[in-house]
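What follows is the residue order along each chain.
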Amino acid sequence: MQIRKPRYFDEFTCLASACPDSCCKEWDVLIDPQSAEFYRSLPGDLGQRLRQVLTEEAGQTFMLIEEGRCPMWRKDGLCRIQAELGHDALCKTCRDFPRLTHDYGEFTELGLELSCPEAARLILSRETEDFPFPVLSDCEDYDREDMLLLLQTRREALALLDRKDFSVPQALSLLLLYGYHAQSLLDGEALENFSPEEALKTAKSLAKTGSTQEIRTFFLSLEVLTPGWKQRLTAPSCPGAWSDKYRLLAKYFIMRYWLQTISDFDLVGRVKLGITLCLLIRELGGDLVQTAQLCSKEIENNTENVDALLDAAYTCPALTDDKLLGLLT
Ligand code: SF4
């Protein structure tokens, strides 16, 4: 198995009781079957408490939050299971978070989730590198040529974001148009080489007035986890400057989603997802790392919200290509 991970992956250390947010808030925790069985078998006060708080839903076991917190959360900010039984006793969800694993059969890519404050700090302060191409033989799950094309186009998309002769909004406009170019290649169309200079002219000619308020209204229509997120969407601070950190943010979305296209061939939807989230995070203002972390917690950690955003790339009037380009021009 070929495993690839960003350099900052091994730098991550959980902030535990010093965490400004905590993954023990707001989320119900999915408990893997092995841990659920172990927890239910425990003696004493901890076992009794765990049996009280474990709930079955649709054939899966969850630890449901109580008063906004995981019932195992202690007032000193530590996890009761970890404190009493050690790290190995944590369920898979808690052991893994915020580590991401993308298994593509012959190779696996690891990453960190932006929804953790410490991971967000690392993601937005470290250079994102592409990985060497994996060695691919025939894989049952996908066509080798399609995966090679996705790997190649991902590399080119990352390189576009590195072009400092283009401003950040220009680089994001180019990313949108390059997404269409790569989608066409994936769909089997023979195309001429992508010219960023020509694409910028196209972006300018296509751009129409867009509305960040319409975008916020769309996000208010999605499932909202925390009152803080609703408040930010309703009354944003002043939009932040387009700093180079947005290049890192866009690269994070590319590294997380680009290759997932192999499952359904929807590359444009994923590119628009990343661009829309960059626009939204800037629009909401405040500290970029904190805003990006909250946004990721609300959107990326909710499969229904991610699916809704992928659909909206084609159906939401606020997210048409010309309006997104207008907001980036
Ligand atoms: S959100 Fe991240 S830093 Fe905070 S407690 Fe969870 S894993 Fe640790």
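Look up: the structure comes first, before these words.
Reading the values: the criteria
Residues numbered from 1 in each chain as written. Predicted model: local features only at pLDDT ≥ 70, side-chain atom pairs only at ≥ 80, totals over all residues. Near = placed C-beta within 6 Å. Nonpolar A, V, L, I, M, F, W, Y, C, P; charged D, E, K, R; others polar. Pairing = 2+ DSSP bridges. Helix = DSSP H or I, 4+ residues; strand = E, 2+ residues; numbered from the N terminus. Axes fitted to C-alpha atoms, helices over the stretch in contact; angles between N-to-C directions. Contact = placed C-beta atoms within 7 Å.

Q: Quick one: what's the story with the site of the ligand, residue by residue and with numbers?
A: Around the ligand, a shell composed of Cys14, Leu15, Ala16, Cys19, Asp21, Ser22, Cys23, Phe97, Pro98, Cys116, Pro117 and Glu118 is seen. Its residues assigned to classes, the shell around the ligand shows 9 nonpolar, 1 polar and 2 charged.

Q: Help me get a handle on the sheet that holds strand E5 (residues 99–103), residues and values and all.
A: Strand pairs in the sheet, formed through backbone hydrogen bonds, run parallel or antiparallel to each other. In space, the 3 strands of this open sheet follow the order E1-E6-E5, with mixed pairing throughout. Either end of the sheet is taken by a strand with one partner, and the two such strands are strand E1 (2–4) and E5. Ignoring strand direction, the axes of neighbouring strands in this sheet form an average angle of 20°. Relative to strand E6 (residues 107–112), E5 runs antiparallel, the two being bridged by 5 bridges. When the sheet's bridge partners are listed, Asp103 is paired in E6 with Thr108.

Q: For the sheet that holds strand E4 (residues 60–63), give the residues involved together with the corresponding values.
A: Taking strand neighbours across the sheet as the criterion, the 3 strands line up as E2-E4-E3 in an open arrangement whose pairing is antiparallel. Strand pairing shows two members of the sheet lacking a second neighbour, strand E2 (29–31) and strand E3 (54–57), which therefore form its edges. Pairs of neighbouring strands in the sheet enclose a mean axial angle of 40°, with direction left out of account. When E3 meets E4, the two strands line up antiparallel, connected through 4 bridges. Note on E4: the bridge partner recorded for Glu57 is Gln60. Of the strands in this sheet, E2, E3 and E4 touch helix H1 (residues 33–41), which is tilted by about 140° from E3.

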